[in-house]
Structures are given as structure tokens and as C-alpha cells.
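# Structural characterization, general
So the chains spell out like this:
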Amino acid sequence: AKLSSSHGNLPSSASAAAAGGGTGANDSKHAEVEREVRKIRGIRGWYQRCQEQLGQSIALKFEELFSMMQSDLETTIGEVNNIVDELTTVMDDVAPCFPPKYNIFDYHVQEYHKRFFGLFMGFANLNAEDIAAGHILMLVEWVMRDYSRAISRLGIEPETLQPPLLDAIDPLLSIYRDHVRVLM
């Protein structure tokens, strides 16, 4: 499609290519023009871009937790609690800024939950000698008491979240049993 010269926002090379000028535009030049046209036309694809950015932001937050989880479990649990508390902010302050059909709160809950599951599977994949029995009990307690309570306060039934965090706790309980057997 040809663009009229009234689209002054296009870079001059893109305007020339869009108008059919230049020396036979190749595929990459055509793709560049298409990207510029999409930018000008508005916010198509905004929701997908928004979700991608939110997902990247959430992933970055959890990468930091993954890196600290082995060295300082108590601090990690504290940071995990802070992240769970962020869901209240998302529910109260962020979600109202988006159209309801975007389900921003539900998106955050699901993304956070998947990341929590990954974090706990990271603990479960440690060797038995790399995680103390007391740390395992701290993790189990957090999932069973703290996380369930925090999620319930937000109006979410913990059983509805997939995958269940208890699935990540089962391998930890097996490691705990090994610790206990050694003590007997």
C-alpha cells in the first residue's frame, strides 16, 4: 500500500520506500517500512507487547531470587513474601488502569505462581546435602501456611492455581525423609 506524503512521521527512507520510490526495496527494507507503518497506525498489538513486558519484568524479579536461594534461604523467603504482597498492589492499583478484559490481576497471579513453582522446584533439585532439614521445613511451612493465607486474602483459592505448589514440595519432603533416616 502506498502512503501519502502526509505521513511526516516516517523516516525519509521509509517514506520513499513506502511511496514506491528508491531502487527496488528488498525484503528487509519492506519489513522496516511495515514496522514504521504499524507504529504510526496506533496501538495494535499493544496487549501482547504489554504481556511480554510484564512477563519479562516478572522473570527478572524471580531470576534474582533463583540466584540468592541457595546462599540465604531466610532472605529468599522474605523476598518471596514481598513479591506475594505485590499482588495486593497489582489488584488495588494496577488492574484498575487496564480494561477488565485484559485480566491483568489474573495474569500476574498466574505468572507469579508459575515462577514460585519454578523456584521451589529449584530447591527440590538440590542435592540432599545442599539443603538443611530445617530449611526444608521452612519452605513447607511457607507453602502450607503463608502462601495459602496470602493468596486466600486476595480472593483466590490456592487449589485453583496450576501447577500446585505442593507438587514442588513433594521432592523436598523426600529429601527431608532422607535427612531423618540418616539421624536414626
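Residues numbered from 1 in each chain as written. Predicted model: local features only at pLDDT ≥ 70, side-chain atom pairs only at ≥ 80, totals over all residues. Heavy atoms only, no water.

This part covers helix α6 (residues 133-153). Between the first and last C-alpha of α6 there are 29 Å, a value that for 21 residues agrees with the 30 Å anticipated at 1.5 Å per step. The sharpest bend along α6 measures roughly 40° and falls at Trp-142. Inspection of α6 places Ile-136, Leu-139, Val-140, Trp-142, Val-143, Tyr-147, Ala-150 and Ile-151 among the buried residues, and these make up the whole buried set. Packed against the buried residues of α6 are α4 (73-94), α5 (104-124) and α7 (165-183). Once α6 finishes, Gly-155 follows within two positions and takes phi at roughly 85°, a positive value. (Helix = DSSP H or I, 4+ residues; strand = E, 2+ residues; numbered from the N terminus. Expected span 1.5 Å × (residues − 1). Bend = angle between axes of the 7 residues up to and from the residue. Buried < 20%, exposed > 50% of the residue type's maximum accessible area, 1.4 Å probe, protein only. Contact = heavy atoms within 4.5 Å.)

Moving on to the confidence of the model for the protein. Of all residues in the protein, 81% attain a pLDDT of 70 or more, and the chain-wide mean is 79. Counting contacts from residues 1-25, a segment whose pLDDT is below 50, to residues more than four positions away or on other chains yields 23 contacts. (pLDDT = per-residue confidence, 0-100.)

Angle between the axes and distance between the axes are the two parameters that describe a pair of packed helices. Contact geometry for α4 and α5: axes closest at 9 Å, N-to-C directions at 170°. In terms of their interaxial angle, α4 and α5 are classed as roughly antiparallel. On α5, the residues that touch Leu-73, Thr-76, Val-80, Ile-83, Val-84, Glu-86, Leu-87, Val-90, Met-91 and Val-94 of α4 are Ile-104, Phe-105, His-108, Val-109, Tyr-112, Phe-116, Leu-119 and Phe-123. Here the residues of the contact of α4 with α5 are counted per class, giving 15 nonpolar, two polar and one charged. (Axes fitted to C-alpha atoms, helices over the stretch in contact; angles between N-to-C directions. Parallel < 35°, antiparallel > 145°, perpendicular 65-115°, else oblique. Nonpolar A, V, L, I, M, F, W, Y, C, P; charged D, E, K, R; others polar.)

The tally for this structure, following the rule as stated, stands at seven aromatic pairs. What links up through ring pairs into an aromatic cluster is the set Phe-62, Tyr-112, Phe-116, Phe-120, Trp-142 and Tyr-147. (Phe/Tyr/Trp six-rings, centres within 6.5 Å; stacked < 30°, edge-to-face > 60°.)

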